[in-house]
Amino acid sequence: MKIDRLIGIITILLQQDKITVPELAARFEVSRRTINRDIEDICKAGIPLVTTQGYGGGISIAEGYKIDRSVLTEEELLLIFSGLQGVDSVLKTPQFKVLAEKLPVKDLDGDMIIDLASHYQTPLAQKAALIKSAIQSRHILSFRYYYEKGECQRKIEPYKLVFQWSSWYVWGYCLERKAFRLFKLNRLSELACIPEPFAPRELPLQELDFHRHLTEGTLYLKALFDKSETYRLIEEYGVGCYSEYGEALLFERNFVSYQHMRQWVLSFGNHVEVIEPVNLQAELRQVGEDFLRKYGDT
């Protein structure tokens, strides 16, 4: 895009004293004529550029012109590169390499590594690429979705590819539910882009607060955990999520889904004692009796 190219040219000129039109044309993969027009536009924007001919010539910012040379510092560029590496790790795109060739950074070996890949990298990358294409072309997506109550066929207008809570999601308007929904990519199958364009809707700001999907819960859990499970509670809910209660840890939290709460508690085995809700107590007791029948002495 032109605006990206203009910012790139300005950034290069802030990082080095001089560069030639052919060098810029090669970096941005455009013609010399396009670069010359870009130079004119930058001058019109108020940044005076000077072109010198002959050996050692090139384009530079006019001597004496005061400009904040920290518009994009090397540290800020390294953060941008780190983010691009994370995106490339999932979408398998060459954005990091392309930008690294265009912007002059002395050392790309920064102190941050972002790798968003998963154990299901190949199917995940394929899904993400298809969703990204559908978002850009404004085409409807169809897929089979698996959730706690079973499975269903859905069609959505895709708007965002979201990485949150250590997982990838597609966020869009569900044509069946007539509402915006998040769908976890690992639960999608038979994903397809329908050759049916849609007119973009106005995106409600409150719907873009994805965190609320995990915080707006009314299912209250109160339980005592063995101190051996301290690391898990901290890993999943942070320091301060529990209080000392004698020889145990008192944990209280609201959950959005009963099924999620039940499965999470069960994953602790006999290292947890549920106080509330009472119906979960009864269900866990039944689970214990079922295990005893299945694996007890016969």
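Just above, that's the structure.
Residues numbered from 1 in each chain as written. Predicted model: local features only at pLDDT ≥ 70, side-chain atom pairs only at ≥ 80, totals over all residues. Heavy atoms only, no water.

1. Describing the sheet that holds strand β3 (residues 139-147)
Then comes step 1: Read across the sheet, five strands follow the order β6-β5-β4-β3-β7 without closing on themselves; strand pairing throughout is antiparallel. Each of the sheet's edge strands pairs with one partner strand only, and the pair in question is β6 (179-184) and β7 (188-197). This sheet shows a mean twist of 45 degrees between the axes of neighbouring strands, independent of strand direction.
Then comes step 2: Across six bridges, the pairing between strand β5 (residues 167-174) and β6 is antiparallel. Note on β6: the bridge partner recorded for Tyr 173 is Phe 180. (Pairing = 2+ DSSP bridges. Helix = DSSP H or I, 4+ residues; strand = E, 2+ residues; numbered from the N terminus. Axes fitted to C-alpha atoms, helices over the stretch in contact; angles between N-to-C directions.)

2. Regarding the pattern of salt bridges
Then comes step 1: Applying the stated criterion to the full structure yields nine salt bridges.
Then comes step 2: Here Arg 5 makes a salt bridge to Asp 38, at a shortest N to O gap of 2.5 Å. Of this pair, Arg 5 sits in helix α1 (residues 2-15) while Asp 38 is found in helix α3 (residues 32-44), placing the two residues 33 residues apart along the sequence. For the pair Arg 5 and Asp 38, a shared accessibility class is recorded, and that class is buried.
Then comes step 3: Residue Lys 227 is joined to Glu 244 by a salt bridge in which the shortest nitrogen-to-oxygen separation is 3.1 Å. On the criterion of sequence distance, the pair formed by Lys 227 in the loop between β8 (219-226) and α8 (230-237) and Glu 244 in strand β9 (residues 242-245) is long-range, its members being 17 residues apart.
Then comes step 4: For Lys 227, a relative accessible area of 38% puts it in the partly exposed group.
Then comes step 5: Within this structure, Arg 144, Glu 151 and Glu 190 form a network of salt bridges that share partners. (Salt bridge = Lys/Arg side-chain N within 4 Å of Asp/Glu carboxyl O. Buried < 20%, exposed > 50% of the residue type's maximum accessible area, 1.4 Å probe, protein only.)

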